[in-house]
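Take a look at the letters that make up each chain.
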Amino acid sequence: MKCLVIFGLIVAIFASIAGYGYLVFTDLTRPLPRPAFKDDTYWGPGDGKNYKPDTKIYDFVVDVPKAEIQDLRQQLNRTLRLAEPLEGIAFEYGFNTNALAQFVEYWRDKYLTKWNQRQDYLNSLKQYKTEIQGLNIHFIHERVSEEVAEKKHVYPLLLLHGWPGSVREFYDFIPMLVKDQNISDYAFDVVAPSLVGYGWSDAATRVGFNAAEMATVMRNLMLRLGHKKFFVQGGDWGSIIGSNLATLYPENVLGYHSNMCVLNTPLSILKGIYTHYYPEKVLRSRMFYDHHVGIWEKYQDLLVESGYFHIQATKPDTIGAALDSSPVALAAYILEKFQTCTSPSLKQDFGAIVTIFGLEAVLDNLMIYYLNNAATTAARFYAENTSKTYRDLQLDRVQTDVPMGCCRFRFDLPSASEWQLKDKFTNIKHNMYFQHGSHFAAMEMPSMLFNDFNEFVKKIGLHTD
């Protein structure tokens, strides 16, 4: 009898643990309702009590004073105090200082000499500014011609960049979207803003400007321009912001296309682990295995390469002060990310950046950070997005029925499978894998990204004629 009592007690304990575990699992994996979110928070200077919004749209031209370029050249002309790389080390310890010295020399003696040409190139796309929620927002706005509009179905498109990128990422991509392309029935009125705190856009003046707030500003920008419904495309932070926008304001989004498909929920993590061990049960082709198998190695690499994330998420003003004060330090910090985001076979190659992106493109992007003193304000976005306020929104667990498309480039961050994504995105229209390419897809492989985005729009089927 005593044994039966003990046995019954053990069974009861295990049943209680199992039941509690089930309740916890259910609570952690169930979809959450869409939170109420204020869409007109003032982020400008002061308390905003007497704020009167300026709804006008102003032309913008990049016009850097010659004295500022001369000052930069003088800073780059100072003797570099760089430690020699360790013997046999390329970029394993960070950006190689021998390579950095060569970049600085090219920047000073070649690039800045032709700055007027580079400035003209940056001005080759039409740019504007307008005030949204107390912040002056810079944006590119390229429209299709009347001739193209007669031939194509035209839709508004919001393009969103990330860090350490800028609108410069889209300079090869945007012309493809607005011109008459034989391979597509579509063309797009493209809006590509500098994110708040990036490029020529103002930075928020108070704590709390996270990805949900950024999504709200971007949505309000599109409404200002008369676009009540529009497509969204993004990578890096642009992907997170786009996801937030599709979640908080689904009524405004025709479709959301991402080239960095991530989902950080307990259920998604468990599904990712399962896919690692049993890919044949989840993935439709062995060609996709490399994107999802080897998850532990992928996360180990991510940990190695994400030291910057921890710094920017905890002490953004410290690293920002160092980078804003020294163009050479800024170059080392940003170029190292572009070097890393080439491919495993190239990231130790001294010519990788030139081969994949081109010197001018990377230096244009670097100049946008330098000229706007944006290292600190851009880095703060990491702190805001790891804050309790943002985490408590749990937007990755809020479902949206906005049509979603995902394209995965082989050497980007570990991506979520369609099986994982459908827990949030209930209307996945497009699911694509590429065996090449990395993080900065719009800059590295604009044609492939263009084709994939058009295929996504086609699958939505807004026009059936």
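My aim in this report is to walk through the structure given alongside it, one point at a time. Once a new chain begins, its residue numbering starts again from 1 and follows that chain's sequence as written. This being a predicted model, a pLDDT of at least 70 is required before a residue's local features are given, and a value of 80 or more before pairs of side-chain atoms are given or counted; all residues contribute to the totals for chains, interfaces and linings. Heavy atoms from the whole structure form the basis of all side-chain values; hydrogens and water molecules are not counted.

1. A closer look at unusual backbone geometry
Of note, the bond from Trp163 into Pro164 is cis; its omega dihedral lies within 30 degrees of zero at 0 degrees. Put simply, DSSP H or I for four residues or longer makes a helix, DSSP E for two residues or longer makes a strand, and each gets a number counted from the N terminus. Considering the arrangement of structural elements, one finds Pro164 in the loop between strand 4 (153–160) and helix 6 (173–178). Phi angles above zero are rare outside glycine, and Gln133 is one such case at about 55 degrees. Topologically, Gln133 is positioned in the loop between strand 2 (127–132) and strand 3 (135–142). At Asn373, a residue that is not glycine, the phi angle is positive and equals roughly 50 degrees. Examined against the element boundaries, Asn373 turns out to sit in the loop between helix 16 (359–371) and helix 17 (375–385).

2. Regarding the environment of Leu195
Structurally, Leu195 is set in the loop between strand 5 (186–193) and helix 7 (211–224). Accessibility here uses a 1.4 Å probe with only protein chains present; expressed as a share of the type maximum, an area under 20% marks a residue as buried, one over 50% as exposed, and anything in between as partly exposed. For Leu195, a relative accessible area of 0% puts it in the buried group. Along the sequence, Leu195 and Asn252 sit 57 residues apart, while their C-alpha atoms lie 19 Å from each other. What makes two residues a contact is simply this: any of their non-hydrogen atoms within 4.5 Å. Residues within four places of Leu195 in sequence aside, it is in contact with Leu160, His161, Gly162, Ser201, Met214, Met218, Trp237 and Ile241.

3. Points about the state of the cysteines
Defined by distance alone, a disulfide is two cysteine sulfur atoms within 2.5 Å. Taken as a whole and judged by the stated rule, the model has one disulfide. One disulfide in the model links Cys261 with Cys406; its S-S distance is 2.0 Å. Between Cys261 and Cys406, the disulfide has an S-S torsion of 120 degrees and is therefore right-handed. Here Cys406 lies in strand 8 (residues 404–409) and Cys261 lies in the loop between strand 7 (253–258) and helix 9 (266–277), a separation of 145 residues in the sequence. For the pair Cys261 and Cys406, one class covers both residues: buried. Of all cysteine sulfurs in the structure, the one in Cys407 sits closest to Cys341, which takes part in no disulfide; the separation is 15 Å. Relative accessible area serves as the criterion here: at 15%, Cys341 is assigned to the buried category.

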